[in-house]
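Coordinates in review
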Amino acid sequence: MQAREKVKPLKEAAELCRELRSRGRRIVFTNGCFDLLHLGHLRYLEEARALGDYLIVAVNSDASVRRIKGGHRPLVDEKARSELVAGLHCVDCVVLFDAPNPLAEIQALDPHVLVKGADWPVDQIVGADWVIGRGGTVVRIPVVAGYSTSRLIEKILRQASCS
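A brief report on the enclosed structure follows. This one's a predicted model, so the numbers in the text were calculated from it and none came from an experiment.

All right, on to the overall build of the chain then. When helices and strands are tallied, the chain shows 7 helices and 5 strands. Shown N-terminal to C-terminal, the secondary structure of the chain runs as helices and strands in the order α-β-α-β-α-α-β-α-β-α-β-α. In terms of C-alpha radius of gyration, the chain reaches 16 Å, essentially the compact-globule figure of 15 Å for 163 residues. The principal-axis extents of the C-alpha atoms in the chain amount to approximately 55 × 35 × 25 Å. Within the chain, the 20 negative side-chain charges are centred at a point lying 2 Å from the centre of the 23 positive side-chain charges.

Dropping the structure here:
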């Protein structure tokens, strides 16, 4: 399967999740901007996938990234970011979302496990109450030290200014 085939509209992904759930599969959900993929992203997504049978990643749209990170982001457009995330061996499905948060996607997909980085306090993880209320779990995965998109951008800018 080509990576771009794993990028699905929410309705199609939700139907797939219902089918997987009926077959006893454990669905894991996470979300993020994934502007410049790096080792921290890969390890985070590998750990998330290990928590279940099927990993769905909701990727912020370009407009959503701009609202969160400012007008200078994203560096990579939503179509490319979605396909790159989908291309990772540990990712089973990608959906794009444009809202300020992924609550609607979480509710539509109804995951067993909601995953965020350990830098997020549980009380600030969107959808945590909803997932727990439906019998699911919330898992916070440790951030890989030294890897972040912001840090990569800073390094690129420093090196460009030295040239």
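With the rule as written, the count across this model stands at 0 disulfides. This cysteine, Cys 33, is not joined by any disulfide, and Cys 90 carries the nearest cysteine sulfur, 18 Å off. For Cys 33, a relative accessible area of 10% corresponds to the buried category. Among the cysteines around Cys 90, which has no disulfide bond, Cys 93 carries the closest sulfur, lying 13 Å off. According to the relative accessible area criterion, Cys 90 is buried, its value standing at 3%.

Looking now at the sheet that holds strand S4 (residues 113-117). On the basis of which strands lie adjacent, the open sheet formed by 5 strands has the order S3-S2-S1-S4-S5 and parallel pairing. Where the open sheet ends on each side, the last strands, each with one partner, are strand S3 (93-97) and strand S5 (137-141). On average, each strand axis in the sheet is inclined to that of its neighbour by 25°, with strand direction left out of account.

Counting 18 residues, the largest nonpolar core has Phe 29, Ile 56, Val 95, Leu 109 and Leu 114 as its most contacted members. At the level of secondary structure, the elements contributing two or more residues to this core comprise helix H1 (10-22), strand S1 (27-32), strand S2 (54-60), S3, helix H5 (103-109) and helix H6 (128-133). Broken down by element, this core gets its largest block of residues, 4 residues, from H1. If we skip the residues at most four places from it in the chain, Ile 56 touches Cys 17, Ile 27, Val 28, Phe 29, Thr 30, Cys 93, Val 95 and Leu 109. Counting residues in each nonpolar core, the second largest holds 17 residues, with Val 85, Ala 86, Leu 88 and Val 94 among its members.

Next up on the list: the environment of Ala 86. In this fold, Ala 86 is placed in helix H4 (residues 78-86). For Ala 86, a relative accessible area of 0% corresponds to the buried category. Note: C-alpha distance between Ala 86 and His 38 (48 residues apart in sequence) is 14 Å. Not counting chain neighbours up to four residues away, the residues in contact with Ala 86 comprise Ala 3, Lys 6, Val 7, Val 91 and Val 94.

The next thing to look at is the layout of surface pockets. Each pocket or cavity is described by its volume, and for the largest pocket that value is around 830 Å³. Lining the largest pocket are 32 residues, and of these Asn 31, Gly 32, Lys 116, Asp 119 and Trp 120 lie nearest its centre. Counting only elements with at least two residues in the lining of the largest pocket, the list comes to S1, helix H2 (39-49), helix H3 (62-69), S4 and helix H7 (149-162). Sorting elements by how many residues they give to the lining of the largest pocket places H2 first, with 3 residues.

This part is about the pairing of S5. Pairing of S4 with S5, which is carried by 5 bridges, proceeds in the parallel orientation. The residue bridging Leu 114 from the neighbouring strand is Val 138, located in S5. Taken together, S4, H6 and S5 constitute a β-α-β crossover, and its handedness is right-handed.

About the thresholds
Here the residue index of a chain counts from 1 through its sequence in written order. With the structure being a predicted model, the display of local features is reserved for residues of pLDDT at least 70 and the display and counting of side-chain atom pairs for 80 or more, all residues being used for whole-chain, interface and lining totals. Only hydrogens and water are removed before side-chain values are computed, so all heavy atoms of the structure are retained for them. Runs of H or I in DSSP of at least four residues are treated as helices and runs of E of at least two as strands, each being numbered from the N terminus. Here the globule rule reads 2.2 Å times residues to the power 0.38, and the radius of gyration is calculated from C-alpha atoms. As used throughout, the charge tally considers Lys and Arg to be positive and Asp and Glu to be negative, leaving His and the chain termini uncounted. A single reference atom marks each charge: NZ on Lys, CZ on Arg, CG on Asp, CD on Glu. When two cysteine sulfur atoms lie within 2.5 Å, the pair is treated as a disulfide. Here's how the labels work: a residue is buried when its accessible area is under 20% of the maximum for its type, exposed when over 50%, partly exposed in between, all with a 1.4 Å probe on protein chains only. For two strands to be treated as a pair, DSSP must find no fewer than two bridges joining them. In this analysis, axes come from line fits to C-alpha atoms, helices being fitted only over the stretch in contact, and the angle between any two N-to-C directions falls in the range 0 to 180 degrees. The criterion is simple. A nonpolar core is a set of buried Ala, Val, Leu, Ile, Met, Phe, Trp, Tyr and Cys residues joined through side-chain atoms within 4.5 Å. Residue contacts are defined here by distance: any two heavy atoms, one from each residue, within 4.5 Å place the two residues in contact. Here a cavity denotes a set of grid points, spaced 1 Å apart and computed over the protein atoms alone, in which a 1.4 Å probe fits but from which it cannot get out, and a pocket denotes an open set meeting protein on both sides within 12 Å along at least five of seven lines; residues with an atom within 4 Å of a point are reported as lining. Grid points are joined across faces, edges and corners, and a volume is the space filled by probe spheres set on the points. Note on handedness: a clockwise path from strand one over the helix to strand two, with the strands aimed away from the viewer, defines a right-handed crossover.

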